[in-house]
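For reference, the chains in residue letters:
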Amino acid sequence: MALMRVDFHSDVLGLSTSMTVILPQRTASQIGMAGAAPAGDPPVLYLLHGLTDDDTIWLRRTSIERYVAPLGLAVVMPQAGRSFYRDEEHGNRYWTFLTEELPAVCDDFFRLSRRPEDTYVAGLSMGGYGAVKWALRHPDRFAAAASLSGALNVASRRHHPARPVDPGVWHTVFGERAVAGTDDDTVALLDRYAGGPALYVACGTDDFLYEDSLRFVDVARARGVPLTVDFSPGDHDWAYWDAKIQDVLAWLPLRERPTG
């Protein structure tokens, strides 16, 4: 694998930002790790971080580089602050950055497949919310989307009795606008589902966001939206996410077997 920390300027954000990128490499002499790559442009997984993290966190807390090495899969991990992957009400345009500028920048910098059937998105916590929101709002761009411990019922989080979002963060991101029923409400977005990417929802049953995932799954099933669900013991921590990202990678509908 080739591992890159890419520092670049974002015109949308009006500032310098960063992303961590893993690119597949065909190798034969590495000890302890296979290296594979597809014959053509590699498929790509956009992998999103949570509220308190940054673009380096998946690499630092999991073995994501080792997990994707035999798959011939590129992984793009962008920096998005505490934005909930939204054009913030009193901040910056992270939704526009994520959904428009970032893929264009990746096209300029790297040789990646542009085919929707080769494009996937996943994330944890805030990133699980961002991944599902991106896939539901742009279903023509992805083959699959996965949420690990996602804040999938974010509309309930402002005044949640046990674990509300920090009021300062909420004000910056959402202002005083109602979230329920809008394009930022992943539960409401299920009403528009008319086919699209495969969906995967995993959450530990001891996680404080379990009720969010449960609500999302209940509504999806009521709407006839097909999805893969994994509710099993686990908490909101990296032991759970390190294990479950491996399940997500095994679930992804990779179209081509890489050549070693």
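Predicted, not measured: the structure shown is a model, and the values here were computed from it.

Procedures and definitions
Residues numbered from 1 in each chain as written. Predicted model: local features only at pLDDT ≥ 70, side-chain atom pairs only at ≥ 80, totals over all residues. Heavy atoms only, no water. Salt bridge = Lys/Arg side-chain N within 4 Å of Asp/Glu carboxyl O. Buried < 20%, exposed > 50% of the residue type's maximum accessible area, 1.4 Å probe, protein only. Helix = DSSP H or I, 4+ residues; strand = E, 2+ residues; numbered from the N terminus. 1 Å grid on protein atoms, 1.4 Å probe; cavity = no way out; pocket = protein on both sides within 12 Å on 5 of 7 lines; lining within 4 Å. Points joined across faces, edges and corners; volume = space filled by probe spheres on them. Nonpolar A, V, L, I, M, F, W, Y, C, P; charged D, E, K, R; others polar. Contact = heavy atoms within 4.5 Å.

### Some thoughts on the pattern of salt bridges
Alright, step 1. The final tally for this structure, using the stated rule, is 18 salt bridges.
Alright, step 2. Ionic pairing is found between Asp54 and Arg60, a salt bridge with its closest N-O pair at 3.9 Å.
Alright, step 3. On the accessibility criterion, Asp54 (24% relative accessible area) is partly exposed.
Alright, step 4. With its nearest N and O atoms 2.4 Å apart, the salt bridge here joins Arg223 to Asp191. Of this pair, Arg223 sits in the loop between helix H7 (210–222) and strand S8 (228–232) while Asp191 sits in the loop between helix H6 (186–189) and strand S7 (198–204), and the two are 32 residues apart along the sequence.
Alright, step 5. Residue Asp191 is classed as exposed on the basis of its relative accessible area of 53%.
Alright, step 6. Within this structure, Arg86, Glu89, Lys133, Arg137, Arg177 and Asp184 form a network of salt bridges that share partners.

### With respect to the layout of surface pockets
Alright, step 1. The computed volume of the largest pocket comes to approximately 300 Å³.
Alright, step 2. In terms of lining residues, the largest pocket is bounded by 18 residues, among which Leu51, Ser125, Phe208, Leu209 and His236 are the most central.
Alright, step 3. For the lining of the largest pocket, a count of residues per class yields ten nonpolar, four polar and four charged.
Alright, step 4. Estimated volume of the second largest pocket: approximately 220 Å³.
Alright, step 5. What lines the second largest pocket is a set of 13 residues, among which Tyr46, Pro103, Ser113, Arg114 and Thr119 lie closest to the centre.
Alright, step 6. For the lining of the second largest pocket, the secondary structure elements donating two or more residues are strand S3 (44–48) and helix H3 (94–109).
Alright, step 7. Its residues assigned to classes, the lining of the second largest pocket comprises eight nonpolar, two polar and three charged.

### Notes on the environment of Phe208
Alright, step 1. If you trace the backbone, Phe208 turns up in the loop between S7 and H7.
Alright, step 2. Each C-alpha atom, one on Phe208 and one on Ala37, is 38 Å from the other, the two residues being 171 residues apart in sequence.
Alright, step 3. Ignoring any residue separated from it by four or fewer positions in sequence, one finds Phe208 in contact with Arg157, Arg163 and His236.

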